[in-house]
Amino acid sequence: MLKIKSQDSNIEIGPLLSSSFSEVLTSYKNQNIIIIVDENTHDTCLEYLITSFPSLEKAEVILLPKGEENKVMEVCMQVWNAFTEYGFGRHDLVVNLGGGVVTDMGGFIASIYKRGMDFIHVPTSLLAMVDAAIGGKNGIDLGPFKNQLGTIIKARNVYVDTAFLESLPEQEFYNGYAEMLKYGLIRDAELYTDLKTYQSEKDFNQSKNIEKCIQIKVALADNDLRDKGERMLLNFGHTFGHAIEGYFLQSKPISHGHAVGIGMCAESYISMRRGLLSKDAFEDIQALLVRTYPFLEFNEKAVTGIIALMYNDKKNENGKILSVLINSIGSASFRNELNEVEIQETLRYLSMLSASSN
Ligand SMILES: NC(=O)c1ccc[n+]([C@@H]2O[C@H](COP(=O)([O-])OP(=O)(O)OC[C@H]3O[C@@H](n4cnc5c(N)ncnc54)[C@H](O)[C@@H]3O)[C@@H](O)[C@H]2O)c1
């Protein structure tokens, strides 16, 4: 069991049964325990959790509709109303059992209700294990704007047990994989090289690389909880990625990892065009991303729409679109201002890749 102390949060990586989970539950034995799941984790992960920890048999289960399109205020309102009807108090405990949508929204729900209840994350998707459940950001979307509403409050405990990945659909691994590649590209060339060799689901389950990713996120988030400096490196691929994801959210939604995969290619392209990243390194990254993620075509309406969303990005400062760029594989810089012309050129370049990859 690897234990990582992240300021006021404890992260344990290893089998849940050998973790401190049971002990923590005991400390809430006179309180209500609420397990938040979505439709899929209700069917695939909940039984294992409840049968492994009998004290959870009397826990209340809150079922959220699955999917990013449901990471919205209306759903939170329903949950807060249910919490109020059940008479839950601020000393009760919320256990979020699910992917990033459940941990983001469950964390938000718990951190707002009665000015904040304790919550624990038990991430069940690769993406939630390496990213969403770590670092304290909770939130929901507002129309096409991703994570526009939220809080920064850490889960008191995060339990990363890769056994939950057994039921994760194959395509979901690629969402987590995008964030893992991000960690490699911004901080750890060796991790990137190792990730490049992944070929099957078994590879994605490797605890060693999951641990490395969590360590990188914890180090960046702990030094800069409120995202004013180094933590911004974690946005690599996300300036384009969030806007692309937001643009397609209401018409033909694409997954977060897919959008970030395309976004990392975009931001690597700009890094290369600006003479920061070598052509060889860019081509290596591009080849990996193109063979892993289906690239999309952006018509002129999409280019305009994506740029408009980029102007509304939370990461902007003084109306300027900012992005992470990489200098080499494993080294990056943040707060780079992007201009509209290079964004347009980049979106057109990505469209060309889409045409050649299909
Ligand atoms: N808070 C942060 O720092 C942070 C960082 C990165 C991403 N995010 C957020 O995370 C979200 C994406 O997370 P995600 O990719 O996990 O999406 P998700 O929660 O929608 O999970 C993906 C799909 O897998 C299913 N699933 C999850 N675990 C399963 C399991 N073990 N077995 C079977 N099915 C399972 C879910 O029901 C869902 O259908 C986005 O909303 C993104 O904004 C947050």
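Along every chain, residues carry numbers that run from 1 in the direction the sequence is written. Where totals are concerned, whole chains, interfaces and linings use all residues; where local detail is concerned, this predicted model gives features only for residues with pLDDT of at least 70, and gives and counts side-chain atom pairs only at 80 or more. To obtain the side-chain values, all non-hydrogen atoms of the structure were included, while hydrogens and water were left out.

(A) The arrangement of the pattern of salt bridges in detail. Put simply, a salt bridge is a Lys or Arg side-chain nitrogen that is within 4 Å of an Asp or Glu carboxyl oxygen. For the structure on display, the rule yields 21 salt bridges. With its nearest N and O atoms 4.0 Å apart, the salt bridge here joins D141 to K71. With a gap of 70 residues between them, D141 in strand 7 (residues 137–142) and K71 in the loop between strand 4 (60–64) and helix 4 (73–86) connect regions that are remote in the sequence. The class of D141 is buried, set by a relative accessible area of 3%. K212 serves as the salt-bridge partner of D188, at 3.9 Å between the closest nitrogen and oxygen. With D188 in the loop between helix 7 (170–187) and helix 8 (189–196) and K212 in helix 10 (residues 207–223), this pair connects stretches of sequence that are 24 residues apart. Only protein chains enter the accessibility calculation, which uses a 1.4 Å probe. A residue is then buried if its area is under 20% of the maximum for its type, exposed if over 50%, and partly exposed in between. Owing to a relative accessible area of 17%, D188 belongs among the buried residues under this scheme. Residues participating in the shared-partner salt-bridge network are E68, K71, D104, D141, K146 and E245. In DSSP terms, a helix is any run of H or I states spanning at least four residues, a strand is any run of E spanning at least two, and both are numbered starting from the N terminus.

(B) Representation of the side chain of S9 within the structure. Residue placement: S9 occurs in strand 2 (residues 9–13). Among the residues examined, S9 registers a relative accessible area of 3% and is labelled buried. Think of a polar contact as two N or O atoms within 3.5 Å of one another; within protein, one of them needs to be a possible hydrogen donor and the other a possible acceptor, and neighboring residues in sequence only count if both atoms come from side chains. Among the polar contacts listed, one links the side chain of S9 to the backbone oxygen of A155, at a separation of 2.7 Å. Those residues in contact with S9, other than ones at most four positions away along the chain, are I4, K154, A155, R156 and V158. The contact criterion used is simple: two residues touch if any of their non-hydrogen atoms lie within 4.5 Å.

(C) Expanded view of the pairing of strand 7. Across 5 bridges, strand 7 lies against strand 8 (residues 145–152) in antiparallel orientation. Opposite G139, over in strand 8, you have G150 as the bridge partner. Two strands form a pair only when DSSP identifies at least two bridges running between them.

(D) The arrangement of the site of the ligand in detail. The environment of the ligand is made up of 26 residues, and the closest members are D38, E68, G100, S125 and S167. In this structure, a nitrogen atom belonging to the ligand sits 2.8 Å away from a side-chain N or O atom of T124. For the ligand, an oxygen atom lies 3.5 Å from a polar atom in the side chain of N147. To be clear on the numbers: accessible area is Shrake-Rupley with a 1.4 Å probe, and residue cover counts the displayed protein chains and nothing else. Considering the ligand on its own, with 860 Å² of exposed area, one finds that the protein chains cover 91% of that surface. Only helix 2 (39–44), helix 5 (100–112), helix 6 (126–132) and strand 8 provide two or more residues apiece to the shell around the ligand. Residue polarity is assigned by list, with Asp, Glu, Lys and Arg as charged and Ala, Val, Leu, Ile, Met, Phe, Trp, Tyr, Cys and Pro as nonpolar; anything else, Gly included, falls into the polar class. When the residues that make up the shell around the ligand are grouped by side-chain class, the tally is 7 nonpolar, 10 polar and 9 charged. Boundary definitions for the domains trace back to an automatic or database domain assignment. Residues from two domains meet in the shell around the ligand; each of domain 1 (2–167) and domain 2 (170–357) gives at least three. Nearness is judged by heavy atoms alone; a residue qualifies as near a molecule or strand once a single heavy atom is within 4 Å of it.

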